[in-house]
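# Structural characterization, general
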Amino acid sequence: MTSPQEPAPPAELGSTYTYGHHPVVVDVHLQRTAAREAAFFLPHLRPGMRLLDAGCGPGSITVGLAQAVAPGNVTGIDLDAGVLERGRSLAAEQSLPNLRFEAAGVYDLPYPSDSFDAVFAHTLLEHVGDPARALAELRRVLRPGGLIGLRDCDWASGIFAPEDPLVAEALRLYERVWRHNGGHPDCGRNLRDFLFQAGFNHVESSASFRWDGSLASTITFGDLLADRFRLPNFIEPAVSMNWADRASLARISDACAAWCRQPNAFAAMIMCEAVGWKE
C-alpha cells in the first residue's frame, strides 16, 4: 500500500505542528538518536565546533551532537517549553555542560550573524510554513565556511503492508491535514534545491530509510498513527473541513492499531538528507 502521503500554532510559524507535543509523540521522538538520524552529518563534525540544533524537540538527537563536538558548545532550540525541559533533563543525565536548550523561533533567531560553525535541523522544514525564510535565517547565523545538515521525510515514498483500506485512508487523511496545517509532507526531495536557493553553493545529498522491521517497532509506529487520530490537533481540522466525522476517525484509529499488530506488518519511508556549506 503506497501512501500519498494541541498546542496552538505559534504565529511566527505560519503553520500548526501537525504532530503536536502530546506525550505519546514526545516519547517516540525520545527514541531518536544522532547515531541514526544524523549519521549523514556526524562525519562532518569536529571537536570544538559551535552547533545549533533547530527544532530540537526533546533533545535525544541534540545530546549526541553535543558529544560529537565537545568541548564545543551546542544550543538546541524549540518553541515548546515542555520538550525543552526534557532536553535539559537529558543533558543533565549525561553530564553535558556544553549543551543548553533555549526557546527560540527559526524565523527570528536571537543570535548574531556568524554565530555557529554548524547547524542541524531534523524534520523541521516539513513543518514550517515558509522553508525558504527559515533557511535564510539559519544561514545568517552560520559563519562563512560553516555547514548545515537537513533531514526531512518524503511522505509519498511510504510503503505499508499488508494493505488495509482504512489504513490507506488514514495515510491520505494525515497528509491532507498536514498540508492544511501549512506543512510540506514531501519536502525531503527538495532539500538540495532549497539549499541552492538559499545561497549554499556546495551541497551534498543523500537518503536513508526509516522503517519498522520488528513487531515491536511496527506496533510503536502504528499506535502513534492511531493515537494521532484521537488528538485534538488532528480531529478538529479534519472534522471542521468535513473530511471525516468523529466516528470514522475512531474507526480509522482502531484499524491502524489492529494493522500494526499483524506479524507481517511492515512500514518504510525515504528520509532525504542534504549538507550545504556557506561560502
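To be clear, the structure that these remarks concern was listed above.
Residues numbered from 1 in each chain as written. Predicted model: local features only at pLDDT ≥ 70, side-chain atom pairs only at ≥ 80, totals over all residues. Heavy atoms only, no water.

Scanning the protein chain from N- to C-terminus turns up ten helices and eight strands. Reported as C-alpha extents along the three principal axes, the dimensions of the protein chain are approximately 50 × 35 × 30 Å. Across the 279 residues of the protein chain, 53% fall into the buried class. For the protein chain, the computed accessible surface area is about 11,500 Å², with 55% contributed by carbon and sulfur atoms. Within the protein chain, one finds 24 positive and 33 negative side-chain charges whose respective centroids are separated by 2 Å. (Helix = DSSP H or I, 4+ residues; strand = E, 2+ residues; numbered from the N terminus. Buried < 20%, exposed > 50% of the residue type's maximum accessible area, 1.4 Å probe, protein only. Areas by Shrake-Rupley, 256 points an atom, 1.4 Å probe, with all protein chains shown as cover. Lys, Arg positive; Asp, Glu negative; His and termini not counted. Charge placed at Lys NZ, Arg CZ, Asp CG, Glu CD.)

Residues Leu51 and Asp53 line one face of strand S1 (residues 51–54) and the alternating positions Leu52 and Ala54 line the opposite face, and both faces are buried. Each parallel crossover has a hand, and the one from S1 via helix H3 (residues 60–69) to strand S2 (residues 74–78) is right-handed. (Right-handed = clockwise from strand over helix to strand, strands pointing away.)

To continue, consider the packing of helix H6 (residues 165–180) against helix H10 (residues 246–259). Remark: H6 packs on H10, axes separated minimally by 8 Å, with the N-to-C direction vectors making an angle of 115°. Between H6 and H10, the angle is such that the two are roughly perpendicular. Crossing of H6 against H10: the hand is left-handed. Contacts between H6 and H10 involve Leu166, Val167, Glu169, Ala170 and Leu173 from the first element and Leu249, Arg251, Ile252, Ala255, Cys256 and Trp259 from the second. Residue composition of the contact of H6 with H10, by class: nine nonpolar, no polar and two charged. (Axes fitted to C-alpha atoms, helices over the stretch in contact; angles between N-to-C directions. Parallel < 35°, antiparallel > 145°, perpendicular 65-115°, else oblique. Left-handed = near helix turned anticlockwise from the far one by under 90°. Contact = heavy atoms within 4.5 Å. Nonpolar A, V, L, I, M, F, W, Y, C, P; charged D, E, K, R; others polar.)

Where nonpolar side chains cluster on the molecular surface, the patch consists of Ile159, Phe209, Trp211 and Phe266 and spans about 430 Å² of accessible area. Structurally, Phe209 is set in strand S7 (residues 202–212). (Patch = residues over 30% accessible without salt bridge, like charges linked within 9 Å, V, L, I, M, F, W, Y side chains within 5 Å. Salt bridge = Lys/Arg side-chain N within 4 Å of Asp/Glu carboxyl O.)

Let's shift gears to the pairing of strand S3 (residues 99–103). Pairing analysis gives five bridges linking S2 to S3, with the strands arranged parallel. Bridging across to S3, Thr75 finds its partner in Arg100. With helix H4 (residues 81–93) bridging S2 and the parallel S3, this β-α-β connection has right-handed handedness. (Pairing = 2+ DSSP bridges.)

Here Met49 lies in the loop between helix H2 (34–37) and S1. We classify Met49 as buried; its relative accessible area is 11%. Expressed as a C-alpha distance, the spacing of Met49 and Val69, which sit 20 residues apart in the sequence, is 5.5 Å. Not counting residues within four places of it along the chain, the set of residues in contact with Met49 comprises His44, Val69, Gly72, Asn73, Asp117, Ala118 and Leu147.

Turning to its location among the elements, Ser253 is positioned in helix H10. When its relative accessible area of 1% is taken as the criterion, Ser253 is described as buried.

Below, the discussion takes up the pattern of salt bridges. Scanning the entire structure with this criterion turns up 17 salt bridges. A salt bridge links Glu137 to Arg140; the nearest nitrogen and oxygen atoms lie 2.8 Å apart. Of the two residues, Glu137 and Arg140 are both situated in helix H5 (residues 131–140); the distance of three residues between them amounts to about one turn of the helix. On the basis of relative accessibility, which here comes to 11%, the residue Glu137 falls in the buried class. Between Arg151 and Glu273 there is a salt bridge, with the nearest N and O atoms lying 3.1 Å from each other. Of this pair, Arg151 sits in strand S5 (residues 142–153) while Glu273 is found in strand S8 (residues 266–277), placing the two residues 122 residues apart along the sequence. Take Arg151 and Glu273: they sit in the same class, and that class is buried. The network of salt bridges with common partners includes Arg50, Asp117 and Arg143.

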